[in-house]
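# Residue-level structural notes
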Amino acid sequence: MRSLIAIRHLEREDISGILEQAKQMKAAILAGKPVDSGPPRTIGLLFFENSTRTRVSFEQAASYLGFRTVNFSGSGSSMRKGETLKDTILTLKHERLEGVVMRHWCSGSASLAARHFEGPVVNAGDGQHEHPTQALGDALTILERKETIDGLRVAIVGDVAHSRVARSNAWLLHRMGAEVRFVGPRSLIPGHTAKLPGETYYDLRNGISDADVVMCLRLQRERMESGHSVSAGEYRRLYQVNRSTLRAAAPDVMVMHPGPINRGIELDDLTADGHASAISDQVTNGIFVRMAALRWVFSEPRSAPAKKKEANV
Amino acid sequence: MKTLLKNGRLLDPSQDLDTIGSLLIEDAQITQVGPEVELDDATEVYDCEGLWIVPGLVDLHTHLREPGEEHRETIKTGTMAAAAGGFTNICCMPNTTPPLDNPALVDFIMDKASAPDAGGAFVAPVGALTLGQKGETVCDLAALKKAGVVAASDEGGPIQDSAVMLRAMEYCLQIDLPILAHCDDLSLSRAGAMNEGATSAMLGLPGMPRSAEEIMVMRNCLLSLHTGCRIHILRVSTWGAVEMVRQAKYLGAPVTCEICPHHLCLTDEAVGEFNVNFKTTPPLRTQVDIDILLQALGDGTIDCIASDHSPYAPYEVDVPFEEAPFGMSSLESTLGAVLTHVTHKGVLSPLETVRKLSTGPAQILGLEAGTLQPGGTPVAQVTVIDPSLQWTYDVNRTFSKGKNSAFHGASFQGKAVATFCGTEIYRDPLFDETRYQSVLP
């Protein structure tokens, strides 16, 4: 039993293990064969923040595994009645749930939940910290189009500062040997990146120059409208990934986006729907890596020496 | 009653005294101090060989939480924690519920602090600068001063509007009341949870930029320079803030400043994996800051050390990092942390250490404290320190109700082993009892 809180905490072998398992599970499901799911489990899906796509993906994953899911959503439950996160988690524990999948708006909430649950917790997004299963799904998608992640140039474009997707992807790609680049305006790139595994580019064409993969991030409209970032129009002019700007990238570049897309802002239609786009594969693969992640947290850790807490960049 | 503290190292910055000698407390007053103390009929004797005998420590920055937040601390538990930390004088901050903005509340605090079951340390209340600490209307400060406040402050609710701060300074200048200034530009820091830097970027925690602190230090220094109002900058944490203070002093502004122990020995990396015990305001900064802050402490730019004792109930801190409150319960860790990380590292001499923790802060607010001179204080205020005692700080053994501390489990060298405020108000379990002799019938 273990938790999946952050890609930052994982070793390369953990990541490849989960990805390998996901590949096998995908093959089995597509072939209509049974999957090796281990004993059936009952897990809670605890979403303090609304997220239809991630929750549905976990439900699909659980149902393929033969797991039972119990849904707790942010509204209408005790979570809105002033109960602390600790008490909510303790309640789930004593409801005899065997695992928890949690999304919460606070960075670090997943590790707090894991401490109190004392059983497997899968982080489905904690604030601006990490969203590990998204990164795993993205990695599986890359591996279906590229032979290996090792040595790839990957540009992560957009609101890196506020993105848990960017952090999880950067750590995963770095661990697997890719060259990571963060691309975006100064208002959306952290001012200090010494502890993030990537180089910073403020110019889109430089940033995606010869890139094998371009990952777009979702822009938050509220942030643009409140003046905390460049406007939508300015972003489109300077950072939109489209047919014209993509000429700087490698000829066989693949384009990704975690969704939901602001069409016409981060990406133009042609790119979002074109052959370089892997966006729908990302969604589908999300299910299989979540199956593998659920399987992984309920399995025993390797008998290796204690894992490094603090990852080295 | 004659209490003799015998053969210790007397350290009193108020008279530049650093010598082996003894101190006599007679009927709650210091009557003799020095190498030669004449006495033949002491009723009790503390053998202080190898120990320091210093003026009771003075803290300009304590949150006692009463009234209104008794689940975090009370005047009783807070003063007991003060005594255990070696403090005989503490200044309590006005951001209580309701805030300390009227004379009746000042009376309430002083009554409670002097009650027989309280911890025995003196409590000097600090009044709110504005009504309800809203940063809008300046309080009736003359009335507050008459009731007994020793300063006025916007602690916990830093005044953002410069015109309000200017009016407050003009007012305080007129009635000769110092201002304790909480310097934070909330438009930059409000959403933040820790120092803006590489660690916050890695953890995805919203950052509090150093400029948020420095801008307000600079503004308040300039307002002080131009009005002539005495201000004391509460807990600086960045090299830039200290340079602002240095510049203001050079220009002749009546400005002083303080620093907290945690800003002298911990960096933002200590937050680790979202450990809420390391969430403070201003936040823990970087090693570069620590290096320059230590230097500024040594050269006198930083005038004193304060605890910023900020206790919280356990349930309030067992929450996600971003939702946790700022600060730590620190009255009982301050001296140990300072001796370990400042004095024993050679940054301050023992005498200068006592100046930063006792005589210095007393002089900033003109408190009758911080001296061993007979008659220098209303009653004897003396702390006996064992500078070499090795001990581990354990929040489960503190008097404070707040168990939130970055120092839980830390090893310290040096501790207050006995505290006197009139009479003995604290004796540490680690004090060697064979050193004590009573000849009471």
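## A short note on the nonpolar core
Membership of the largest hydrophobic core comes to 85 residues, with the highest contact counts inside it found for V101, L136, I142, I156, L172 and L294 of chain A. For this core, the element with the highest residue contribution is helix α11 (residues 279-297) of chain A, accounting for nine residues. Beyond its immediate stretch of four places on either side in the chain, L294 of chain A contacts I43, F58, A61, A62, L65, F67, V101 and V122 of chain A. Grouped together as the second largest cluster of nonpolar side chains are 73 residues, C92, A147, I231 and V342 of chain B included.

## A word on helix α2 (residues 103-113) of chain B
Residues and elements named next belong to chain B. Every buried residue of α2 is listed here: L105, V106, I109 and A113. Burial along α2 is one-sided: seen end-on, the buried residues are contained in an arc of 105 degrees. Pointing more than 90 degrees away from the buried face of α2 are the exposed residues A104 and D111. Lining the buried residues of α2 we find α1 (75-84), β7 (87-92), β8 (122-128) and α3 (141-147). Between the side-chain oxygen at the start of α2 and the backbone nitrogen of A104 there is a gap of 3.1 Å, and the oxygen is on N102.

## Focus on the pattern of salt bridges
All names here are of chain B. For the structure shown, the criterion picks out 40 salt bridges over all chains. Between E316 and R72 there is a salt bridge, with its nearest N and O atoms 2.6 Å apart. Pair noted here: E316 is in helix α11 (residues 314-317) and R72 is in the loop between β6 (57-62) and α1, with a separation of 244 residues, a long-range link. Note on E316: relative accessible area 14%, which makes it buried.

## Considerations on the domain arrangement of chain A
Residue and element names in this part refer to chain A. Split into domains, chain A comes out as domain 1 (7-130 + 283-297) and domain 2 (132-278). Taken over C-alpha atoms, the centre of domain 1 sits 25 Å from the centre of domain 2. In this assembly, 29 residues from domain 1 lie in contact with 27 residues from domain 2. With both chains or domains summed, domain 1 and domain 2 bury close to 2,300 Å², and 61% of this area falls on carbon and sulfur atoms. It is I7, R12 and Q128 in domain 1 that bury the most area against domain 2; as a group they hold 27% of the surface buried on that side. Remark: the boundary between domain 1 and domain 2 carries three salt bridges. At the junction of domain 1 and domain 2, the tally comes to 12 residue pairs in polar contact (both at pLDDT 80 or more). Secondary structure elements with two or more residues in the side of domain 1 that touches domain 2: α1 (12-30), α2 (52-65), β3 (99-104), β4 (121-126) and α11. With eight residues, the single largest contributor to the side of domain 1 that touches domain 2 is α1. Counted by class, the side of domain 1 that touches domain 2 contains 11 nonpolar, eight polar and 10 charged residues.

Calculation rules
- Residues numbered from 1 in each chain as written.
- Chains lettered and ligands numbered in written order.
- Predicted model: local features only at pLDDT ≥ 70, side-chain atom pairs only at ≥ 80, totals over all residues.
- Heavy atoms only, no water.
- Core = buried A, V, L, I, M, F, W, Y, C linked by side-chain atoms within 4.5 Å.
- Buried < 20%, exposed > 50% of the residue type's maximum accessible area, 1.4 Å probe, protein only.
- Helix = DSSP H or I, 4+ residues; strand = E, 2+ residues; numbered from the N terminus.
- Contact = heavy atoms within 4.5 Å.
- Arc of directions from axis to C-beta.
- Polar contact = N/O pair within 3.5 Å; in protein donor to acceptor, adjacent residues only side chain to side chain.
- Salt bridge = Lys/Arg side-chain N within 4 Å of Asp/Glu carboxyl O.
- Domains from an automatic or database assignment.
- Buried area = accessible area lost by both parts, 1.4 Å probe.
- Nonpolar A, V, L, I, M, F, W, Y, C, P; charged D, E, K, R; others polar.

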